[in-house]
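Survey of secondary and tertiary structure
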Amino acid sequence: DVAYLRSVLPSTTDDAFFDYLATLDASEVTVTAIPEGSVVFPRVPFLQVKGPLLVVQLLETTLLCLVNYASLVATNAARFRLLAGPEVKLMEMGLRRAQGPDGALSASKYSYVGGFDCTSNILAGKLYGIPVRGTIAHSFVMSFRGMEEAQPRDLLPRAGGDPVDLAGLALSWLQRVCDLLQTPPAKANQGELAAFVSYAVTFPCDFQGLLDTYCVRRSGLPNFCAVALALHQLGYQAIGVRLDSGDLAQQSKEIRGVFRACGAHFQVPWFGTIPIAVSNDISEQSLEEFRREGSEIDMIGIGTNLVTCPLQPSLGCVYKLVEVNGSPCLKLTEDEEKMTIPGMKAIYRLYDTAGHPFMDLMALEEEPSPSAGQELGIRVLGQLEETTKVIPTSVELLHRTYFRDGQVCEPLPSLPEVRTHAQVSLSLLSPAHRRLHEPQPYPVAVTERLHQLFLELRQGS
């Protein structure tokens, strides 16, 4: 590293500077942070770094790179989870749209933190232990032209016995299904049926169908039902279907009706509950439409609008100097929102009688902690000209020390633990703060003492 820096810095740079760089050590750095997966509000410092000035300056770009996109994706995923509700399964499938392999891995990891259930990115599953899921592809279905290409064809019944020609069995079921649905069997694409049969023979316990390669009503749906009923006859149970085009909510209701009709007519009780998954450029607006119109959707695959975060393509986290050699410092600007809040701070979350957080409070590190039931005089950011009195029912210190003297000093949670913590953090918010449209602003405040320091530094500048 030092050799590379010698090659890009001016040749007049003193050799002693490079010798100094080689001695830099991060063991003198202390990092305190709000636990990963916590809800954090604007202006609240979620991470504080103490140490030699040059070392903490060198950490700026690295920390912001690691935190900004991760927090953005986790937040975006949490919004999708809030819209979808707790019952619908959410699958991250943005690998083809993400900003390169590293961006894709981060997207898979942090969408899981935000509340997604699984990912189509198998490398993310391998590296992070995220559940992996996928569905049959259009290209697989389209690669078959006729039933003669269905290979292999024979399948052993689950209870044992002689192999059965699944292709022939599916063809017989197709006639019965088409009679029930009053659709001509000749309209069902034979290549699609061959693809379903080949997939089912290979994965009889995990058979699923992609219904919209050709025509859902006249081909995909009867072909799937025929193969699923043939599998049922041999003791197996299909696990689902996917839709990737059209009016997804309306089609899901029509498909559910067909499944229920088949289940009742052919006396297969579980058939009516076959899971229905959808994809196709799903956005927040899509989820709102599903809820408004009603649907029978069980799983939603989201890619582009999750991993690229089009509603807000970047998160504006910043890293600012607030104290040098024990002296608080302040960055001044005409834009009040961009002014820094000086000094090393302790961050407290104040809760109301219903158990909801109603305010975050910043205090100087040396100030005594606020207490539950104690009246506090505070200044709300954006309303600094007036004092507000609050009485919290309970108080939580948000920052923990994670790194000191070269050692990690707090056990780091596993990814599933972070994911659970994120959902708990969101659930604690009051509905007025949690709603995605026109939420009630969440107040962030400073103590009178911190406000006084702010005024003194501003006047002194």
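Residues numbered from 1 in each chain as written. Predicted model: local features only at pLDDT ≥ 70, side-chain atom pairs only at ≥ 80, totals over all residues. Heavy atoms only, no water.

Quick reminder of the rule: UniProt positions are given in the numbering used here, feature names are shortened, and annotations may be inferred rather than shown by experiment.
As annotated in an unreviewed UniProt entry, the protein carries the name Nicotinate phosphoribosyltransferase and comes from Cisticola juncidis. Regarding the protein, the relevant UniProt record gives this comment under Catalytic activity (unreviewed entry): "5-phospho-alpha-D-ribose 1-diphosphate + nicotinate + ATP + H2O = nicotinate beta-D-ribonucleotide + ADP + phosphate + diphosphate". Looking at the Function (unreviewed entry) heading of the UniProt record, one finds this comment for the protein: "Catalyzes the first step in the biosynthesis of NAD from nicotinic acid, the ATP-dependent synthesis of beta-nicotinate D-ribonucleotide from nicotinate and 5-phospho-D-ribose 1-phosphate. Helps prevent cellular oxidative stress via its role in NAD biosynthesis."

Remarks on the overall build of the protein
Using the following cut-off: Numbering goes from the N terminus for both helices and strands, where a helix is a DSSP run of H or I of at least four residues and a strand is a run of E of at least two. For the radius of gyration, the atoms used are the C-alpha atoms, and the globule rule reads 2.2 Å times the number of residues raised to 0.38. Using a 1.4 Å probe on the protein chains alone, a residue whose accessible area is under 20% of its type maximum counts as buried, one over 50% counts as exposed, and one in between counts as partly exposed. Any two residues whose heavy atoms approach within 4.5 Å are treated as being in contact. Only the protein chains shown count as covering a residue, and every accessible area follows the Shrake-Rupley method with a 1.4 Å probe. Charged residues are defined here as Lys and Arg on the positive side and Asp and Glu on the negative side; His and the ends of the chain fall outside this count. Where a charge lies is defined by one atom per residue type, namely NZ (Lys), CZ (Arg), CG (Asp) and CD (Glu).
Within the protein, the regular secondary structure consists of 15 helices and 20 strands. Compactness check: the protein gives a C-alpha radius of gyration of 29 Å against a globular reference of 23 Å for 461 residues, more than 25% above the reference. In terms of overall dimensions, the protein has C-alpha extents of about 85 × 60 × 40 Å along its principal axes. Burial analysis of the protein (461 residues in total) assigns 46% to the buried set. For the protein, the share of sequence-separated contacts (at least 6 apart) that also reach a separation of at least 24 residues comes to 66%. Accessible surface for the protein amounts to roughly 23500 Å². Of this, 53% is attributable to carbon and sulfur atoms. Seen as two clouds, the 38 positive and the 51 negative side-chain charges of the protein have centres 5 Å apart.

Topic: the sheet that holds strand E9 (residues 276-278)
The test is simple: Note on pairing: DSSP must find at least two bridges between two strands before they are called paired.
Strand order in this open sheet of 6 strands is E4-E3-E10-E9-E8-E7, and the pairing throughout is parallel. Lying at the two open borders of the sheet, with one neighbouring strand each, are strand E4 (118-119) and strand E7 (208-210). By the bridge criterion, 2 bridges tie strand E3 (residues 89-92) to E4 in an arrangement that is parallel. Looking at the pairing, Glu92 lines up with Thr119 of E4.

Regarding helix H4 (residues 100-113)
Where we set the bar: Each residue after the first adds 1.5 Å to the expected span of a helix.
Spanning 14 residues, H4 covers 20 Å between terminal C-alpha atoms, matching the ideal 20 Å at 1.5 Å per step. Turning to H4, its buried residues number three or more, namely Gly103, Ala104, Leu105, Ala107, Ser108, Tyr110, Ser111, Tyr112 and Val113. In this structure, the buried side of H4 is in contact with helix H3 (53-84), E3, E4, helix H5 (122-128), helix H12 (304-307) and helix H13 (415-428). Where H4 ends, the next residue or the one after it, Gly115, has phi of about 125 degrees, a positive value.

Notes on the sheet that holds strand E15 (residues 376-380)
Inclusion rule: Here, axes are lines fitted to C-alpha atoms. For helices the fit covers the stretch in contact, and angles between N-to-C directions go from 0 to 180 degrees.
Ordered in space as E16-E15-E20-E14-E13-E17, the 6 strands form an open sheet in which the pairing is mixed. On the outer flanks of this sheet lie strand E16 (388-390) and strand E17 (394-397), each paired with one strand and no other. Pairs of neighbouring strands in the sheet enclose a mean axial angle of 40 degrees, with direction left out of account. Note: strand E13 (residues 345-351) against strand E14 (residues 357-364), 7 bridges, orientation antiparallel. Among the inter-strand pairings, Ile347 is bridged to a residue of E14, identified as Met362. Helix H15 (residues 448-460) contacts E13, E14, E15 and strand E20 (444-447) of the sheet and is inclined by roughly 85 degrees relative to E20.

Some details on the packing of aromatic side chains
Quick reminder of the rule: Two rings from Phe, Tyr or Trp (for Trp, the six-membered ring) form a pair when their centres are within 6.5 Å of each other. A pair whose planes differ by under 30 degrees is stacked, one over 60 is edge-to-face, and the rest are tilted.
Tallied over the entire structure, the rule returns 13 aromatic pairs. With a centroid separation of 6.4 Å and 85 degrees between ring planes, the pair formed by Phe80 and Phe116 is classed as edge-to-face. You can see Phe80 sitting in helix H3 and its partner Phe116 sitting in the loop between H4 and E4, a full 36 residues away along the chain. On the accessibility criterion, Phe80 (1% relative accessible area) is buried. What makes Phe116 buried here is its relative accessible area of 1%. Ring geometry for Phe224 versus Phe259: centroids 5.8 Å apart, planes at 50 degrees, classification tilted. Placement of Phe224 in helix H9 (residues 216-233) and of Phe259 in helix H10 (residues 248-265) is noted, with a sequence separation of 35 residues between them. Given a relative accessible area of 0%, Phe259 falls into the buried group.

Section: the pairing of strand E8 (residues 240-243)
Let me state the cut-off plainly: Here, the term right-handed applies to a crossover whose path from the first strand over the helix to the second runs clockwise when the strands point away from the viewer.
Residues Gly240 and Arg242 of E8 are buried on one face, and the alternating residues Val241 and Leu243, pointing to the opposite face, are buried as well. Taking the sense of rotation as the criterion, the β-α-β connection linking E7, H9 and E8 turns out right-handed. Inspection of the sheet shows E8 paired to E9 by 3 bridges, in the parallel sense. Counterpart to Arg242 in the pairing with E9 is Ala277.

Remarks on the UniProt feature "domain: Nicotinate phosphoribosyltransferase C-terminal" (unreviewed entry) in the protein
The sites that carry the UniProt feature "domain: Nicotinate phosphoribosyltransferase C-terminal" (unreviewed entry) are, in the present numbering, residues 345-453. Taken end to end, residues 345-453 is 22% helix and 35% strand, and its first and last C-alpha atoms sit 12 Å apart.

A short note on the packing of H3 against helix H11 (residues 284-293)
Here is the rule: Geometric relationships in this document are graded by angle, where less than 35 degrees denotes roughly parallel, more than 145 denotes roughly antiparallel, 65 to 115 denotes roughly perpendicular, and other angles denote oblique.
As a packed pair, H3 and H11 sit with axes 9 Å apart at the nearest point and diverge in direction by 10 degrees. Between H3 and H11, the angle falls in the class roughly parallel. Contact with H3, carried on its side by Asn76, Arg79, Phe80, Leu82, Leu83 and Ala84, involves Glu284, Leu287, Glu288 and Arg291 of H11 and no other residues of that element.

Some details on the side chain of His433
Position of His433 relative to the elements: it lies in helix H14 (residues 431-434). With a relative accessible area of 14%, His433 lands in the buried category. Ignoring anything within four residues of it in the chain, the contact list for His433 reads Pro357, Pro439, Gln440, Pro441, Tyr442 and Pro443.

Points about the state of the cysteines
Here is the rule: Criterion for a disulfide: a pair of cysteine sulfur atoms at a distance within 2.5 Å.
Following the criterion strictly, the structure yields 0 disulfides and no others. Considering cysteine sulfurs only, Cys317 is the nearest to Cys329, which forms no disulfide, with 19 Å between them.

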